[in-house]
Each structure stands twice: as C-alpha cells, then as structure tokens.
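Overview (structure and organization)
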Protein chains: 2
Amino acid sequence: MAARHEEIADALRRAIDREDYTVGSLLPPETELAARYGVSRGTVRQAVATLTAEGLIGSRQGARRVVLAGRRSQSFAELRSFAQWARAMGREATGRVMAQEWRTVTAEDRARLQLDPGTRVLHVLRLRGLDGQPVLLERTVYADWISTAVEHIEADCPSVTQRLLDDTGLVLAYGEHVIDAVAASARDAELLAVRRTSPLLRVRRVTTTREGRPVEWSDDRYRPDAVRFSVHTSIGNNALARMTADQ
Amino acid sequence: MAARHEEIADALRRAIDREDYTVGSLLPPETELAARYGVSRGTVRQAVATLTAEGLIGSRQGARRVVLAGRRSQSFAELRSFAQWARAMGREATGRVMAQEWRTVTAEDRARLQLDPGTRVLHVLRLRGLDGQPVLLERTVYADWISTAVEHIEADCPSVTQRLLDDTGLVLAYGEHVIDAVAASARDAELLAVRRTSPLLRVRRVTTTREGRPVEWSDDRYRPDAVRFSVHTSIGNNALARMTADQ
DNA sequence: ATGGAGCACTTGTCTGAACAAGTTGGCCTC
DNA sequence: GAGGCCAACTTGTTCAGACAAGTGCTCCAT
C-alpha cells in the first residue's frame, strides 16, 4: 500500500464496513476528510473516486456523498485468477486438466488472439472446483508464444495464473468478458455433475498482457448454483454493457 | 457536453473508433495531448481515465497508453433503461404488463427496498421485446412511494424509466446487478417463446435514486440467444465481481 | 400555507508545478 | 554477441489555489 490516496480509500472502506458510516448515511465533506488525513482535497477526491467506482458510495455535485452499500469483495485480481479469488474468500480451489491438444488456429482464434494463419495453439479443457465440488469448466485456447509454458504445467495445478507469473513473469492485466447462458452439453453435464440441458452461466473472455497482447481466450461454464457475478453501475459509470446477440 | 475533459474523452473515443489509433497501437503522451487540446495535464488525465474505465485503453506507469479495444457501446443510461438502450442501437423496444398486483412486503422486499413491515408494494410482471421478438421477462417490485405512479402507466408503455422521469422527475442513478442462469419455468417458457427448462440469463437488480433511496428490485430473465452482457476489467479496476452462491 | 429569492455549503472542473517511479532503448563493456 | 548500466521519456502522485455549478436550507413576502 504505497499511495496515500489508496490508504485513505482503504480507511474509508473499512469505516463503512465497520458501520461507522451506515448505508444511507452521508460521508463527511472532502475538506473535512482532507484535514483529517492531512492531505490536499485532490488526494481525497482520488480516494473517494475509487469507492465510487466500486459502487460503495454515490456522488453528485452539490450534495454530500451517500453510502450506497455496506461491503465489497475488495480483492484485486479477482477475475483474473480463479484460485486467487477462492483463496481471498477462504475457499480452496482445485483444478485438473481433462484434455489438452495442439491445433492449428481457426479464424476465430486468429481474430481473438491476433495470430498469423497456420500458427499452432494449445487447447486445454480444465475442470475447476471449490472445496471439492466441481463448479467451473474452462475451455481455453492459449496463444502460441505462451503455449509451451502452459503445456508443461502439471495437470492438477490449482493456479495457472500464479504459475505463469512465477515461471515466465507473465501478468494478465486486461480482460473482456461476455456473459450469457447455455444448456449443459452431455460432456459439460458429466464433468460438472449436473443434468444434461441444465442451465450454465457462460463467460467468454479474452485476457491480455499489460502491453495489450492477447494471451488466451476461454469459454468458461459455471454452475449457477455455485457462482454468480455482481456489478455495480452508476449514472456516470457503466462498466457493464448489454449487447444483442448478433454482431 | 459541458466539461472540457468529456469533450477530449469523446474526441479520443471517436479517433479510436475511426482507427486513427488502431488496436494495439500507442496513444500520444499526456503532455502532447495537453498541448494539442490546450489544457493542463490534469484535464487530459481525467479524459484518459474515462477511457481506461471503459476498457478502451490500458495504462501503466512509465509506458505509453495502449489501445485495447476498438469500439464501445458508449450509451449512457444503458442498463437503467431497456428502451433507451434499444433506441441507441437502432432497435425498437416494446413492453407489455402481463400481471400487476399489490402485496404486503416480504422480508426480502423489506431488506432490498428499505421499507417498514406491513407496507404495501406493487408487483409487476412485464414482457419486453426487441423488434417484435420477446427477449426479456421482468418481475419487478416497486417501493410504496413510487408504486401509485407506476400503477397508472399504460400497460404497453415502451419506456417506464422515461415515463417516471417525465411524470415524477424520478432519476434512476445507481444499480447493483447479480447475474446468474436459471432454467425457464413453464410460465417463463410460454411468455418468452422458448422450451421449458431452456437456459435463461437472469439479472437480479436493485435500483436507487441519486440520493441512494431504493426504488425497485427486479428479477429479469433474458433469452440468451438475444441479449448478452459484456464487461471490461483491468488490473486496477474490477467492476465485475465473482460471488459464491451462498451469502 | 406557499412559493420564491438568497445564501452557505459541497462537489465538479481546471491550472501549473514539482517530484516519484516505471519503461524503453541505446551505449558501453566484456 | 551478451549483458548490464544509464539517460530520456512517460505515467503516477501530490499540492495549493481558484472558480463553476448544484443542493438544501432559511427566511421573507404573498
């Protein structure tokens, strides 16, 4: 925790969690917070902007800020790593590679991973569990330049993200996620221990490095009785977008 | 479009859309943008922060900003209003109230809408369509103080949000959305014209005013072949959070 | 009572400056 | 050629000040 504005954001987050400020109540004015923490108003504004983006507080010109929600999952790399997310919640993540295969890129692979025609990429089918229960089936395609590193990871490695970071220094920094629902196929059903055609929450995502280079793309299917997603939106800030199926 | 930083954000958004800056390429340095638009570096930083939050560009200390994605739905009130979203995409939204009923609040209603025990609230079942096709089934509970206004809206009003704004000045400002998947019930199937048990994308949401006062909560079920959701995440900014089903 | 004007308060916008910290590429040495 | 060091560049953090704009309250006149 280096930056002062992060410390202040954290202090405010904890104060809200402690119910020093209850849901519906008003936060102190910026000037008061600035005086309390011994910083300028700009630094306080950076801190409260973080909480606003998290959906914890609401802000409008002229009126004091209002507390909108009480708690926040508050982990950082939440979506980038299943294992890190599980650990942050005090659950144990497991993983197992069910199938692995090299294939020549399809048109879709090429578009999503920005690769040349004819490139060979690694397809991995991985089943992931939470406290022993299977909850997620990942079908991932890795870009050629990272595939050999992925290939040599042991089949039951709980955190591929952590492993790639340790082995190659790779940091997964950005992701685009498209969320919908599908019926479980026979294979899905067998591996996730649900009935065939039962509804699954599907997330298709592309993950890139800090430099913006695509690393992997994946079709993830969650048991909806085990995992959900949540998003806060506000009038000036909608991270979540609705899309039609075409285009 | 009042604020200078919004104008600059918009100019950059259009430049990216126009492919003046292609995906994977680098944005000019802040100082250069500041000089080009005749503003201080702080104002440029505000503009690029917007695009970063939208997932259009990636940013890291020391390196130039990189363009991550080409286009952005860029409408404002997207998630708050089905009709406004549809219009922004050049589609026509329809709506029809299928059932409407006053009930005494349940414990869940009270918790979500912050109401007193014994309060009467309005339950509405609304079917919504896009270009004539049914795509969404909304089961909404409105807080008592807005229910009478909702009750008097005609059954086939395409935009309830717009109507409430016109009639009562109500602005829906904040929302929390929890996303999962469910199997279509017999009723769902009939109204949405899908087979029973076919997968639906469910969004449960609570919407509040600018003051943080809950207005409505809703169980929305989308045909996943018609509507999807998309989210951008980045290392410092995860609007989307994964949740376990319990708690 | 009711409505409007005015005022204090609070957040939003913007500036210009300075320093910290991370990245990148070139140069130099071995 | 390989490796390491350095310098230029770029983004991140913070400050102090000023003004704009929206909110909510009081008070006054009707």
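This text follows the structure it describes.
Residues numbered from 1 in each chain as written. Chains lettered and ligands numbered in written order. Predicted model: local features only at pLDDT ≥ 70, side-chain atom pairs only at ≥ 80, totals over all residues. Heavy atoms only, no water.

1. A closer look at the protein's contact with DNA strand D
In the vicinity of DNA strand D, 25 residues are found, and the nearest of them are Arg4, Ser40 and Thr43 of chain A together with Arg41 and Ala63 of chain B. A share of 71% is what sugar and phosphate atoms reach among the atoms of DNA strand D within 4 Å of the protein. In the environment of DNA strand D, a phosphate oxygen lies 2.9 Å from a nitrogen or oxygen atom belonging to the backbone of Glu30 of chain B. At a separation of 3.3 Å, a sugar or linking oxygen of DNA strand D approaches a polar backbone atom of Gly62 of chain B. (Near = heavy atom within 4 Å. Polar contact = N/O pair within 3.5 Å; in protein donor to acceptor, adjacent residues only side chain to side chain.)

2. With respect to unusual backbone geometry
What you tend to see is this: most non-glycine residues have negative phi, and most peptide bonds are trans. We note that Glu19 of chain A has phi near 65 degrees; this positive angle belongs to a residue other than glycine. On the secondary structure map, Glu19 of chain A appears in the loop between helix H1 (4-17) and helix H2 (30-37). According to the relative accessible area criterion, Glu19 of chain A is exposed, its value standing at 57%. In this structure, Gln114 of chain B takes a positive phi of about 55 degrees despite not being glycine. Locating Gln114 of chain B in the fold gives a position in the loop between helix H5 (107-113) and strand E4 (120-130). (Helix = DSSP H or I, 4+ residues; strand = E, 2+ residues; numbered from the N terminus. Buried < 20%, exposed > 50% of the residue type's maximum accessible area, 1.4 Å probe, protein only.)

3. Remarks on the protein's contact with DNA strand C
Close contacts around DNA strand C come from 25 residues, with Arg41 and Ala63 of chain A together with Arg4, Ser40 and Thr43 of chain B the closest. In this structure, Glu30 of chain A approaches DNA strand C through a main-chain N or O atom, which is 2.9 Å from a phosphate oxygen. Between a sugar or linking oxygen of DNA strand C and a main-chain N or O atom of Gly62 of chain A, the distance comes to 3.4 Å. A class-by-class count of the residues in the surface near DNA strand C yields five nonpolar, ten polar and ten charged. (Nonpolar A, V, L, I, M, F, W, Y, C, P; charged D, E, K, R; others polar.)

4. Quick word on the pairing of strand E9 (residues 227-234) of chain A
Where burial is concerned, most of E9 of chain A is hidden: eight out of the eight residues are buried. The alternating pattern of E9 of chain A places Val227, Phe229, Val231 and Thr233 of chain A and Arg228, Ser230, His232 and Ser234 of chain A on opposite faces, both of which are buried. Two elements, E9 of chain A and strand E6 (residues 172-183) of chain B, share six bridges in a ladder whose sense is antiparallel. Its bridge partner being in E6 of chain B, Val231 of chain A is matched across the sheet by His177 of chain B. (Pairing = 2+ DSSP bridges.)

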